[in-house]
Amino acid sequence: MSKKIIGISVPKEPQLEVRTTIIKKAWEGYDASKQIKSIEDISAMVSTNRVFKVTFDDGDIVIAKLSYFGKYEYFKEDHRIIHSLSNNLLYPFENLLSKSLLKNNRVYTYRYKQDKTDAWVVFYNPTRIFERMPRRLDEHHIRKLGQQIGKFHKACARAKNVLPKSSKTLRTDIYALQQQLEINEKQFGTAMQADFLKYHCDLFLKNRSKYNVQSFEIIPVFIDWNIGNFSVYPNLELYSRWDYDWFRMSYRILDFYFLSRVVSDAGDKTVFSYLIDPMMEDRFIIFLEEYHKIYPLTANEIRFLKEVYRFFILNYVIRNGKYFFAPQYAKKLQAEAYEIYLPSVDRDFNPEKIIEALKLS
């Protein structure tokens, strides 16, 4: 049964035939004169979001993303910001991001509300993919990726002043989790687990002030830099980037945890966990050294990395995990969050090692 939790829609997942109907209705609202021939689900099946390849009678193809998690207003807001960013990024990143389809000069989004189903759709032009980086990177890959992300972040920072405003912040997301804990802490497990979450929420907010995050630049960040979410030219420069599930306007260091996983010694794995360990590897320091040459970091940004990780676990794994991740992943990740991830934040991350390597004061 559909319900609401502090502004987060948590409806039952639409069945396959309903999902197909939603895509068809969304397209009719965009251009009813163009007939759909087939709709193929090409989702990775990690999240509850669905991605479809839509083929038309004339052979044209578009990609449809269907989501029923979160708030439609945030979905619409994020895609308008991403579209604006894609049009305002300059060379060599002017074609990096997938283009959303427009109607009347605005990103076209469609909302389907019927009975207990509340879902929304956006259409993209298909993303061109060049080469994938290897599942485990060599040192030259790591150095090149550090340089490229530094250049990309710099390009995003240059565009930030012309982008639409965003209403999401890290603080409001943590406040929402605190509210949910106050209203019904049992949804998060035992009383001890709820108290554990309250402690980590309080610590995040305290350290947010301690590290003077008001001085950090706010830029567009994509957060989920899995190796399967971007492609590169043969010379390892960024070619294309897709999958915008966790996009937001925030601090550039929100991208770093997933990038540490990309460059980690373990490499890309089919069965994944969200351990803090990759941010302590020498391989991540190599990445940061190259990034720092392009787009210098501050000591407080490095110190705040553990709070970025804490926020990721609290917001994306605990607060939203069972609504965003497919059930088999959500259960595993949330159990590990209590047992492994959150206990490791203050125990296993030492920012001074990175600060010393980058020669920051």
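Residues numbered from 1 in each chain as written. Predicted model: local features only at pLDDT ≥ 70, side-chain atom pairs only at ≥ 80, totals over all residues. Heavy atoms only, no water.

A. Quick look at the pairing of strand β5 (residues 61–67). Counting buried positions along β5 yields six of seven residues, so the element is predominantly enclosed. Direction of pairing for strand β4 (residues 50–56) relative to β5: antiparallel, over a ladder of six bridges. By the bridge assignment, T55 is partnered in β5 with I61. Hairpin connection between β4 and β5: a loop of four residues separates the two successive antiparallel strands, and G59 in this loop has a positive phi of roughly 95°. Sheet topology note: the β5/strand β9 (residues 117–124) ladder contains five bridges and is antiparallel. Across the sheet, the residue bridging to I63 is Y124, located in β9. (Buried < 20%, exposed > 50% of the residue type's maximum accessible area, 1.4 Å probe, protein only. Helix = DSSP H or I, 4+ residues; strand = E, 2+ residues; numbered from the N terminus. Pairing = 2+ DSSP bridges.)

B. Representation of the packing of helix α5 (residues 191–210) against helix α9 (residues 305–319) within the structure. Where α5 contacts α9, the two axes come as close as 10 Å, and the packing angle between them is 140°. Relative to α9, the element α5 lies oblique. Judged by the sense of rotation from one axis to the other, the crossing of α5 with α9 is left-handed. The segment α5 lies against α9, with L197, H200, C201, L203, F204 and N207 engaging K306, E307, R310, F311, L314 and I318. In terms of residue class, the contact of α5 with α9 is built from seven nonpolar, two polar and three charged. (Axes fitted to C-alpha atoms, helices over the stretch in contact; angles between N-to-C directions. Parallel < 35°, antiparallel > 145°, perpendicular 65-115°, else oblique. Left-handed = near helix turned anticlockwise from the far one by under 90°. Contact = heavy atoms within 4.5 Å. Nonpolar A, V, L, I, M, F, W, Y, C, P; charged D, E, K, R; others polar.)

C. The sheet that holds strand β3 (residues 36–41), seen in detail. Taking strand neighbours across the sheet as the criterion, the five strands line up as β3-β4-β5-β9-β8 in an open arrangement whose pairing is antiparallel. The open sheet terminates on both sides in strands that have one partner only, identified here as β3 and β8 (109–114). In this sheet, neighbouring strand axes are inclined to one another by 25° on average, regardless of whether the strands run parallel or antiparallel. The sheet contact formed by β8 and β9 spans six bridges and is antiparallel. Looking at the pairing, Y110 lines up with V121 of β9.

D. Representation of the environment of N315 within the structure. Here N315 lies in helix α9. Counting along the chain gives 207 residues from N315 to Y108, while the straight-line C-alpha distance between them is 28 Å. Ignoring sequence-local partners within four residues, the contact set of N315 consists of D173, R248 and N320. For N315, the side chain forms a polar contact with the side chain of R319, separated by 2.8 Å. (Polar contact = N/O pair within 3.5 Å; in protein donor to acceptor, adjacent residues only side chain to side chain.)

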